[in-house]
Structures are given as structure tokens and as C-alpha cells.
Amino acid sequence: MVPTKILASGKFSPQDLIVSVSESNRKIDSSIESQIDAVWEAKKKDADEKGQICYNGTSYRLNSLEAKENKIFLDFGTLEFKTRVSLLQIPEYFNLPPEYYKKGCTVDSTIKTADRRYLMVELSGKSLNHNVTDVLGGLIEKPLELSTGNDIFNALYIELEEEGSIHKSDVKEIYLKSIYLACQTDIHFYFEVELNLDIEELREKFDKENEDQDIESIKDFSREEYLDHLKNHKSKNKQLIAELLEI
């Protein structure tokens, strides 16, 4: 694992993000890369035996980030999901310098309802996510096409609808608070979101609309309970979110 590192922090809107997509600039170590297929096949076999969902796809990675003139310039490449996951099982990968990092992109969020309840999801155990509870979010991946800052926000809207039955019209306020390098060398785009629904209205929508096999239920907390849960979460990324919330 590597230390988490905040790359940008503020209160960013879509207009603050200048987006481009290029070929991936990830450096390749051939001895490590040659192990990926075997690691992936073993992971697929294990997932099949456990009845978990395991599929390959194309996600985005961060090629570069530059803050300039109150804007964040972001260039993205692409990365196969099997590479993104399998590198973590190869210990030598973590000895490489940053230019070899996978830097796969993920959206995370803190969601607050109109009656000041903070949301997480309880996971079903059917995916490769080993957490019992998690914040709402997921990979920035195809078929989403990235060209503007709105598309980064849309990546989160997709996850909110899939995981929490939260539609764009349910959102009162949203902003990107932080972009950080996580301990597993992924890049997280962390958002803070306020809804115009209270918790009971949201639960009613979730009970009617939820079709996500990965999500068992919605859990809600007071702010103090939410912070405490994040601080004691086994994921270092969740612990960092608690720190960001208290800034």
C-alpha cells in the first residue's frame, strides 16, 4: 500500500474541470504485467465458486492533473478492469514508482438527506467489494464518454441512481470536494451531496426501484454516527473521507 495523497481540494463545480482523453501514459513493468492474466483467471474461478459477480470491462485512469487559474485540468486514459484488480495481488507492484501506478478512477460521495441523515449502503457480498458497508459510488467506466466536467459529475449520478435510487432531480446541491490518490493507487473523486428528500421518502423510492444485486439496503446515520463509522472503517479511504468532512 502507498500513503494517501490529496491532489486537489476545494469546492469544484463541473465548469471548474477541464477534461481531455488521451492514450494511457502508464509505464509498464513486463515482469509484473506478465502475471496479470493468471491472477485474473484465479480471481474469476474463486468468484464463480462463491457465486460472486466478476466481469472485465474498460474503466478510466488519470493520466495527469494540473491546477491552473482556478481550474483543474484532467487528462484521462483507459484501463482494463482485470488489470486494475489484478495488480493489487502482485506484491512487487507496490515497489514501483508512481509512473507505474494504475490510477484507476472512482467516484465517492457523502450523501446528506433533507432531514440531515447521512447515507451508506449495506452490501450483499455478491461483488468483489469486500466491505460490509460502503459510501455510494463506483468506477468511472465505459460506456460513459468523458469530454467535459459534467461527465465526471454524471459518473456519480449513474452510481447514485443504481445504488441508492437517487435521481438527479433528487439532488439539491452537489460539488466535488477532493481528488486524492488512494492507498491502493487508485484516484478517487470525492463529492459532497445534499438531497431534497428526507430519509423516509428515499427509503420508499429505494424499496420500489432497487435492482442492484450488490446492494442489500440503505443505512442512515446522524452526522456523529457517520463520522464515527468512517473513522473505524477498515478501509483507509473511508477514514480519509472522515478527515475531509471535518476540514
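Above: the structure in question.
Since the structure is predicted, the reported quantities are computational estimates derived from the model, not experimental observations. (Residues numbered from 1 in each chain as written. Predicted model: local features only at pLDDT ≥ 70, side-chain atom pairs only at ≥ 80, totals over all residues. Heavy atoms only, no water.)

## Brief notes about the overall build of the chain
A tally of regular secondary structure across the chain gives seven helices and eleven strands. Computed over the C-alpha atoms, the radius of gyration of the chain is 18 Å, within 12% of the 18 Å expected from 2.2 N^0.38 for a compact globule of 247 residues. With 247 residues in all, the chain has 51% of them scored as buried. In the chain, of all internal contacts separated by at least 6 residues, the share reaching a separation of at least 24 is 71%. Carbon and sulfur atoms make up 45% of the accessible area of the chain, which amounts to about 12100 Å² in all. Considering the chain, the positive charge centre built from 32 side chains and the negative charge centre built from 47 side chains are found 4 Å apart. (Helix = DSSP H or I, 4+ residues; strand = E, 2+ residues; numbered from the N terminus. Rg over C-alpha atoms; globule rule 2.2 N^0.38 Å. Buried < 20%, exposed > 50% of the residue type's maximum accessible area, 1.4 Å probe, protein only. Contact = heavy atoms within 4.5 Å. Areas by Shrake-Rupley, 256 points an atom, 1.4 Å probe, with all protein chains shown as cover. Lys, Arg positive; Asp, Glu negative; His and termini not counted. Charge placed at Lys NZ, Arg CZ, Asp CG, Glu CD.)

## Here's the deal with the nonpolar core
Grouped together as the largest cluster of nonpolar side chains are 53 residues, with contacts concentrated most on Leu17, Phe76, Leu119, Ile140, Ile166, Phe189 and Phe191. Looking at which element gives the most residues to this core, the answer is helix 4 (residues 149-164), with six residues. By size, the runner-up hydrophobic cluster in this structure holds 15 residues, among which are Leu227, Leu240, Ala242 and Leu245. (Core = buried A, V, L, I, M, F, W, Y, C linked by side-chain atoms within 4.5 Å.)

## Comments concerning the packing of helix 6 (residues 223-231) against helix 7 (residues 236-245)
Viewed as axis vectors pointing N to C, helix 6 and helix 7 meet at an angle of 140°, and their least axial separation amounts to 7 Å. Judged on the interaxial angle alone, helix 7 and helix 6 are oblique. Counting all contacts with helix 6, which are made through Arg223, Tyr226, Leu227, Leu230 and Lys231, the residues of helix 7 involved are Lys238, Gln239, Ile241, Ala242 and Leu245. The residue makeup of the contact of helix 6 with helix 7, split by class, is six nonpolar, one polar and three charged. (Axes fitted to C-alpha atoms, helices over the stretch in contact; angles between N-to-C directions. Parallel < 35°, antiparallel > 145°, perpendicular 65-115°, else oblique. Nonpolar A, V, L, I, M, F, W, Y, C, P; charged D, E, K, R; others polar.)

## Quick word on the sheet that holds strand 4 (residues 71-80)
Read across the sheet, three strands follow the order 2-4-3 without closing on themselves; strand pairing throughout is mixed. Unpaired on one side and paired on the other, strand 2 (17-21) and strand 3 (58-68) mark the two borders of the sheet. Adjacent strand axes in the sheet meet at a mean angle of 25° when their direction is disregarded. Relative to strand 4, strand 2 is paired through five bridges, and the arrangement is parallel. Each residue of the ladder has a partner; that of Ile18, found in strand 4, is Phe73. Along the sheet face, helix 4 touches strand 2 and strand 4 and points at about 90° away from the line of strand 2. (Pairing = 2+ DSSP bridges.)

## Thoughts on the pattern of salt bridges
Throughout the structure, instances matching the rule amount to 16 salt bridges. Ionic pairing is found between Glu173 and Lys11, a salt bridge with its closest N-O pair at 3.7 Å. A residue pair is termed long-range when its members are at least 10 positions apart, and Glu173 in strand 9 (residues 171-181) and Lys11 in strand 1 (residues 5-12) qualify at 162 residues. With a relative accessible area of 35%, Glu173 lands in the partly exposed category. For Lys11, a relative accessible area of 54% puts it in the exposed group. Asp186 is the partner of Lys102 in a salt bridge, and the nearest nitrogen-oxygen pair spans 2.8 Å. Placement of Lys102 in the loop between helix 3 (81-86) and strand 5 (105-112) and of Asp186 in the loop between strand 9 and strand 10 (187-195) is noted, with a sequence separation of 84 residues between them. Each member of the pair, Lys102 as well as Asp186, is classed as buried. What you see here is one network of salt bridges that share partners, running through Arg117, Arg203, Asp220 and Glu225. (Salt bridge = Lys/Arg side-chain N within 4 Å of Asp/Glu carboxyl O.)

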